[in-house]
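# Structural overview
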Amino acid sequence: MSITENYGAKIELIALGQGQLANFAVMAKAKKKFYVVWEGHNTGIFDSWEKCLQQVKGYPNAKYKAYTSREEAEEAVSHFPGWEKKTRKKPLGFDAAARLKIDTAALAVDAACSGNPGLMEYRGVWVADSAEVFHEGPFQEGTNNVGEFLAIVHALALLAKRGDGNTRIYTDSRTAMKWGKMKKANTKLERNSKNERLFVYIQRAEAWLKSNNYSNPIEKWDTEKWGEIPADFGRK
């Protein structure tokens, strides 16, 4: 309880000596808090302000609140309107049992697109620490599916160049996985002067798939159980 939150507490603190007041401040600061994020880059319960800040900083109209116990935080989560629609954004590690199934040595890929079509970019990161391995774009007049497809092929080509045929690749796009098997980006996107550069990338990716063999497993990231894929751009 802060001085500004309760007028009665303010009166009591005025009567305390300087040493007592300093001790009270230290105790108040040290008290454990839990933070619920309903609208942010990731949602859920976070056990420090630093972790909470990472989820809400730069996120438009973020919704979050601090609680003095985990029980209160869990109660707040379950009663917030619309929370059920947000559970797919659980941060990695929200479900400890599910996390054990994740291959932390894998490479995760994802794409982001502002509009359909719109500005698109894609990247790959290591699952273990989210360190970025590659990042391409933005491309004009692209689509998310095209970006997801290019990200998979980029990851395959990079691993092949390193002589690595074992590292797993995670993607959250079934469409991109299907296109990879077809060795063709089955997009309805129309080619024009604005997205010419993007189509050059698509042609290169298709050509690579047709002229190379690979053994790296490509698997669907289980968003419902594991939270957003580590390569996610955090703009949903």
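Note that the structure is predicted; figures quoted are calculated from it, not measured.

## Quick look at the overall build of the protein
- Looking only at helices and strands, the protein has 10 helices and 8 strands in total.
- Buried positions account for 39% of the 236 residues belonging to the protein.
- Nonlocal contacts in the protein, meaning residues at least 24 apart in sequence, comprise 64% of its contacts between residues at least 6 apart.
- Accessible area of the protein: about 13,900 Å², with a carbon and sulfur share of 51%.

## As for the sheet that holds strand β7 (residues 169-171)
- Sheet architecture is open: 5 strands sit in the order β6-β5-β4-β7-β8, paired in mixed fashion. Each of the sheet's edge strands pairs with one partner strand only, and the pair in question is β6 (132-142) and β8 (218-220). Neighbouring strand axes in the sheet, compared pairwise and without regard to direction, differ in orientation by 20 degrees on average.
- Note: β7 against β8, 3 bridges, orientation parallel. Note on β8: the bridge partner recorded for I169 is I218.
- Across the sheet, helix α7 (residues 144-161) lies against β4 (107-115), β5 (118-126), β6, β7 and β8, angled at about 150 degrees from β4, the strand it touches most.

## A word on the packing of aromatic side chains
- Applying the stated rule across the entire model yields 9 aromatic pairs.
- Judged by centre distance (4.9 Å) and plane angle (70 degrees), the ring pair of F139 and Y201 falls under edge-to-face. Of the two residues, F139 is situated in strand β6 and Y201 in helix α9 (residues 196-211); the sequence distance between them amounts to 62 residues.
- According to the relative accessible area criterion, F139 is buried, its value standing at 1%.
- Between the aromatic rings of F149 and W179, the centroid separation amounts to 6.1 Å while the plane-to-plane angle is 70 degrees, which identifies the pairing as edge-to-face. In this pair, F149 is assigned in helix α7 and W179 in helix α8 (residues 174-182), connecting sequence segments 30 residues apart.

## A short note on helix α3 (residues 49-56)
- What α3 keeps buried is the set C52, Q55 and V56. For α3, the angular spread of buried residues about the axis comes to 90 degrees, placing them on one side. In this structure, α3 carries E50 and Q54 as exposed residues pointing more than 90 degrees from its buried face.
- Packed against the buried residues of α3 are β1 (34-39), β2 (44-46) and β3 (63-67).
- Downstream of α3 by one or two residues, G58 has phi in the positive range, about 80 degrees.

Basis of the calculations
- Residues numbered from 1 in each chain as written.
- Predicted model: local features only at pLDDT ≥ 70, side-chain atom pairs only at ≥ 80, totals over all residues.
- Heavy atoms only, no water.
- Helix = DSSP H or I, 4+ residues; strand = E, 2+ residues; numbered from the N terminus.
- Buried < 20%, exposed > 50% of the residue type's maximum accessible area, 1.4 Å probe, protein only.
- Contact = heavy atoms within 4.5 Å.
- Areas by Shrake-Rupley, 256 points an atom, 1.4 Å probe, with all protein chains shown as cover.
- Pairing = 2+ DSSP bridges.
- Axes fitted to C-alpha atoms, helices over the stretch in contact; angles between N-to-C directions.
- Phe/Tyr/Trp six-rings, centres within 6.5 Å; stacked < 30°, edge-to-face > 60°.
- Arc of directions from axis to C-beta.

On their own, these measurements won't tell you what the molecule is for.
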